[in-house]
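# Reading the structure
The lines below spell out each chain.
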Amino acid sequence: MTATATTDHVRRAAATSPAAAPPQRTSRRRPSTPLNPRRSVPLTLVTGLVLVYTLLPLGWLVINSTKNQRDLVTSFGLWFGEDVNFWDNVSRTLTYDDGVFVRWLLNTLFYVLAGAGGATVLAVLGGYALAKYDFPGRKAVFAVVIGAVAIPGTALAVPTFLMFSGMGLTNTPWAVIIPSLISPFGLYLMWVFASEAVPDELLEAARIDGSGELRTFFRIALPLLMPGTITVLLFSMVATWNNYFLPLIMIKDPDWYPLTLGLNAWNAQAQTAGGEAVFDLIITGSLLTIAPIVVIFLLLQRYWQSGLSAGSVKE
Amino acid sequence: MTLLPTAAKTAPPPRPRANARSRMNTLVGWGFAGPFVAVFALVFLAPIGYSVYLTLFRDRLVGGRSFVGLDNYVQALTDPRFWDGFSNVALFLAVQVPIMLGISLLVALAIDSGRLYGTSFFRIAIFLPYAVPAVVASLLWGFMYGTRFGLVGNINDAFGVSLPNPLSPSLVLASIGNIVTWEFVGYNMLIFYAALRVVPRSLYEAAAIDGAGEWRIVLSVKLPAIRGALVIATIFSIIGSFQLFNEPSILQKLAPNAITNDFTPNLYTYSLSFAGQQHNYAATVAIVMGVITAIIAYAVQLRGMRKKG
């Protein structure tokens, strides 16, 4: 977190500079102020309770992914069983039912690549247009998009299903991908972000130098929009990766299931009479489902957190 | 091009150029926004329009599709199964949302205060559940809730206590509230934290010089400064509560007696549509719920903005 640390440092330096505060006041400052905080053990402990709450289920998941079915029911949930079966569980998860989990994983990757990738492209282009071009209908576009966010997903689900069914798109990947292409939150974030990050003077200078609008966008605006773009991409990826309701209504064929529907199908199978209970596979499969997205968030946190901060400027 | 930027600023360009410029703005603006608007029209506007159209008809076994005017709406508004589900999500909204947003806000303030050890670890670790799909979160908590083999059962065995079954009819709504809180507490925390980060530090300085303590600064400077983020998080939480579907739908397999098909309006719509083939009536219930959601979200927004002025 060097970037954040640096910004904090700069901010504090700026705030405590002589211009911002008369020097004679500095000597009389209380031991801990918002500008000069002391680390606090009690506050850390209290906030730590929330930390325990959020991490406990994830710990449970990791621990129980090492157990076989027998240990799952006989051993304590927050401690390891007699045997460590993690790699065995992983390989059985990946090979169960002719490797259907791998199929679901590839489907999910495909939906994320097409859906979240497309959603990001549309949001960046649209947000840039709303921020940087004053065209008739601009305000209407924004109002309609923000208004539509308040419409519940299910109000759309039934008619979307019937419409797509009429177009012959249900039970195909398109039924999952096309609705994923719209991210109103992404458009909003990019609009705010582009207003702040791309100075009008820079665009004007490029135009004066004879650069076309597309060239200006790709060569000048896009690099400046990168933190916002990564933020939108990550949040669209999570939305697509975690999508459940849309594929649930659109996809009937298990061959086109994403991971979420697949895991749910395994769970349903365990509850039906005569169905094989595969709780160990559900648990290990759940861990495998969340691992990639957690890793991506951890690796890119510097970028998406700065994108999110910049996006909240105008709220 | 030899036009000097200073000249362009001081002397407004002649009319014809301005017109050409605004034509170009229109063309390029729509060029960039066009793809979004086109797909948006296909996946948002068209289904909404079609949905409203559907609500005006009814399919009958005999006679096929017929126009029934507002009959579907009358039926929905007097349908006890709809209101049962509605009262569940309303109760959920009244209890879960304040708890979740309250915890999120306190954590965001704690992290922003700079007084925690391991600030960045707190920030990322508390956010992590957001990356967990609702399906996995519900399965995970569902297993932990188990009184026989789950964590609740473990605790009962280990300590000789008898904790009540979290998936019993009287507790299941609270148990779902816990799952949703777990999923979104970090996300809301991050929204608040991001808004707090961009509050100018000089405001704190000024308040401190005026003799304000830390709590006073929180109440009088920080909270007003992030009002926009608070309003937006509240609106999204209201929408989320009224749309409640994933968690109860998945837990239903573990607790079929506690979670009925009309447990939330969304579950009711789903079962009407995909189990009962009553597409017209399902669309009506969804539209009614959508209108109620929009009205409440709008009221919250108005209230949030009025306080500001």
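Computed from a predicted model, the values in this text were never measured in an experiment. In this convention, every chain numbers its residues from 1, walking through the sequence in written order. Chains carry letters and ligands carry numbers; both start at the beginning, A for chains and 1 for ligands, and go up in the order they are written. pLDDT decides what is reported in this predicted model: residues at 70 or higher carry local features, side-chain atom pairs at 80 or more are listed and counted, and totals for whole chains, interfaces and linings draw on all residues regardless. Calculation of side-chain values draws on the structure's entire complement of heavy atoms; hydrogens and water are dropped beforehand.

### A closer look at the domain arrangement of chain B
Residues and elements named next belong to chain B. What counts is decided by this rule: Note that the domain bounds reflect an automated or database-derived domain assignment. In what follows, residue pairs with any heavy atoms lying within 4.5 Å of each other are defined as contacts. Two parts placed together each lose some accessible area; with a 1.4 Å probe, that loss summed over both constitutes the buried area. Each salt bridge in this description consists of a side-chain nitrogen of Lys or Arg and a carboxyl oxygen of Asp or Glu lying within 4 Å of one another. Each polar contact in these results corresponds to two N or O atoms within 3.5 Å; when the atoms are within protein, one needs to be able to donate a hydrogen and the other to accept it, and residues that are neighboring in sequence are counted only if both atoms are side-chain atoms. Helix and strand assignments come from DSSP, with helices taken as H or I runs of at least 4 residues and strands as E runs of at least 2, each series counted from the N terminus.
Annotation of chain B at the domain level lists domain 1 (31-69) and domain 2 (78-308). Placing a centre on the C-alpha atoms of domain 1 and another on those of domain 2 gives a separation of 30 Å. With seven residues of domain 1 in contact, the opposing surface of domain 2 contributes four residues. Carbon and sulfur atoms make up 59% of the surface buried where domain 1 meets domain 2, a total of about 490 Å² over both sides. Considering only the side of domain 1, the residues that lose the most area to domain 2 are Ser51, Leu54 and Thr55, jointly responsible for 67% of the buried surface there. Across the contact surface, domain 1 and domain 2 share zero salt bridges. Counting every contact that joins domain 1 to domain 2 gives two residue pairs in polar contact (both at pLDDT 80 or more). Put simply, the parts of the chain that give the side of domain 1 that touches domain 2 at least two residues each are α2 (15-54) and β1 (57-60).

### Focus on the UniProt feature "transmembrane region" (unreviewed entry) in chain A
All names here are of chain A. The criterion, for reference: UniProt positions are given in the numbering used here, feature names are shortened, and annotations may be inferred rather than shown by experiment.
Per the UniProt record, "transmembrane region" (unreviewed entry) is annotated on residues 40-63, 109-131, 140-162, 174-195, 216-241 and 281-300. Note that residues 109-131 is 100% helix and 0% strand, and that its end C-alpha atoms are spaced 32 Å apart. Counted over residues 281-300, helix gives 95% and strand 0%. Its end C-alpha atoms are 29 Å apart.

### Re the interface of chain B and chain A
Reports of interface size often rely on the accessible area that becomes lost once the parts have come together. In this complex, chain B contributes 101 residues to the contact, which on the side of chain A involves 117 residues. Across the chain B/chain A interface, buried area totals approximately 10100 Å², and carbon plus sulfur atoms make up 76% of it. Between chain B and chain A we count zero salt bridges in total. The interface formed by chain B and chain A includes eleven residue pairs in polar contact (both at pLDDT 80 or more).

### What to know about the packing of helix α12 (residues 226-241) of chain A against helix α15 (residues 279-299) of chain A
All names here are of chain A. As a reminder, the rule being used: Orientation is described by axes fitted as lines to C-alpha atoms, over the contacting stretch for helices, and by angles from 0 to 180 degrees between their N-to-C directions. When describing relative orientation, an angle under 35 degrees is termed roughly parallel and one over 145 degrees roughly antiparallel, while 65 to 115 degrees is termed roughly perpendicular and anything else oblique. Only Asp, Glu, Lys and Arg are considered charged in this grouping, and only Ala, Val, Leu, Ile, Met, Phe, Trp, Tyr, Cys and Pro are considered nonpolar; every other residue, Gly among them, is considered polar.
Their axes nearest at 11 Å, the elements α12 and α15 cross at an angle of 175°. As summarised for this structure, α12 and α15 are arranged roughly antiparallel, according to the angle between their axes. Contacts between α12 and α15 involve Leu234, Phe235, Met237, Val238 and Trp241 from the former and Thr289, Pro292, Ile293, Ile296 and Phe297 from the latter. In terms of residue class, the contact of α12 with α15 is built from nine nonpolar, one polar and no charged.

### As for the UniProt feature "transmembrane region" (unreviewed entry) in chain B
All names here are of chain B. Taking the numbering used here, the UniProt-annotated feature "transmembrane region" (unreviewed entry) corresponds to residues 27-50, 89-109, 121-144, 171-196, 225-245 and 281-300. Helix makes up 100% of residues 27-50 and strand makes up 0%, while its end C-alpha atoms are separated by 30 Å. Span residues 225-245 is 81% helix and 0% strand, its end C-alpha atoms 34 Å apart.

### Some points on the environment of alanine 137 of chain B
Residues and elements named next belong to chain B. Among the structural elements, alanine 137 can be located in helix α6 (residues 134-145). In this structure the C-alpha to C-alpha distance between alanine 137 and glutamate 247, which are 110 residues apart in sequence, comes to 8.1 Å. With near-sequence residues (within four places) excluded, alanine 137 lies in contact with Val132, Ile179, Trp182 and Glu183.

### A short note on the packing of aromatic side chains
Working definition: an aromatic ring pair is given by the centre-to-centre distance plus the angle between the planes. The line we're drawing: Only Phe, Tyr and Trp rings are paired, with Trp represented by its six-membered ring, and only when their centres lie within 6.5 Å; those with planes under 30 degrees apart are stacked, over 60 edge-to-face, the remainder tilted. Burial status follows relative accessibility: with a 1.4 Å probe on protein chains alone, a residue under 20% of its type maximum counts as buried, one over 50% as exposed, and anything between as partly exposed.
All told, the structure shown has 47 aromatic pairs over all chains when counted by the stated rule. A centroid spacing of 6.3 Å and a plane angle of 45° characterise the contact between tyrosine 53 of chain A and tryptophan 141 of chain B, whose relative ring orientation is tilted. Pair noted here: tyrosine 53 of chain A is in helix α3 (residues 41-64) and tryptophan 141 of chain B is in helix α6, and the two residues belong to different chains. What makes tyrosine 53 of chain A partly exposed here is its relative accessible area of 23%. You can call tryptophan 141 of chain B buried: its relative accessible area is 8%. Ring centres 5.5 Å apart and planes at 80° place the aromatic pair phenylalanine 57 of chain B and phenylalanine 67 of chain B in the edge-to-face group. Placement of the pair is phenylalanine 57 of chain B in strand β1 and phenylalanine 67 of chain B in strand β2 (residues 64-67), with a sequence separation of ten residues. On the basis of relative accessible area, phenylalanine 57 of chain B is assigned to the buried category, the value being 14%. Looking at phenylalanine 67 of chain B, the relative accessible area reads 58%, which means it is exposed.

### Remarks on the nonpolar core
The condition is simple: Nine residue types can take part in a nonpolar core, namely buried Ala, Val, Leu, Ile, Met, Phe, Trp, Tyr and Cys, and a core is a set of them joined through side-chain atoms within 4.5 Å.
The biggest cluster of nonpolar side chains holds 172 residues, and the ones touching the most others in it are Leu225, Trp266 and Phe297 of chain A. A per-element tally of this core places helix α8 (residues 172-197) of chain B first, with 16 residues. Every residue in contact with tryptophan 266 of chain A, bar those within four places of it in the chain, is listed here: Thr93, Tyr96, Val100, Phe101, Trp104, Val278, Leu281 and Ile282 of chain A.

### Quick notes on helix α11 (residues 213-224) of chain A
Residue and element names in this part refer to chain A. Operational definition: A helix's residues, less one, multiplied by 1.5 Å, set its expected span. By definition, the arc is the one covered by directions from the helix axis to the C-beta atoms.
For α11, built from twelve residues, the straight-helix expectation of 16 Å at 1.5 Å per residue is met to within 8% by its first-to-last C-alpha distance of 15 Å. Among all positions in α11, only Glu213, Thr216, Phe217 and Ala221 are buried. Buried positions in α11, seen along its axis, are confined to an arc of 95° and lie on one side of it. Counted as exposed and oriented over 90 degrees from the buried face of α11: Arg215, Phe218 and Arg219.

### Some details on the domain arrangement of chain A
Residues and elements named next belong to chain A. The domain boundaries assigned to chain A delineate domain 1 (41-83) and domain 2 (88-311). The distance between the C-alpha centroids of domain 1 and domain 2 comes to 30 Å. Across the domain 1 to domain 2 interface the summed buried area is about 750 Å²; carbon plus sulfur atoms make up 69%. Considering only the side of domain 1, the residues that lose the most area to domain 2 are Leu61, Ser65 and Gln69, jointly responsible for 62% of the buried surface there. Along the contact surface separating domain 1 from domain 2 lie zero salt bridges. Elements with a contribution of two residues or more to the side of domain 1 that touches domain 2: α3 and α4 (69-74). Residues that form the side of domain 1 that touches domain 2 fall into these classes: five nonpolar, four polar and one charged.

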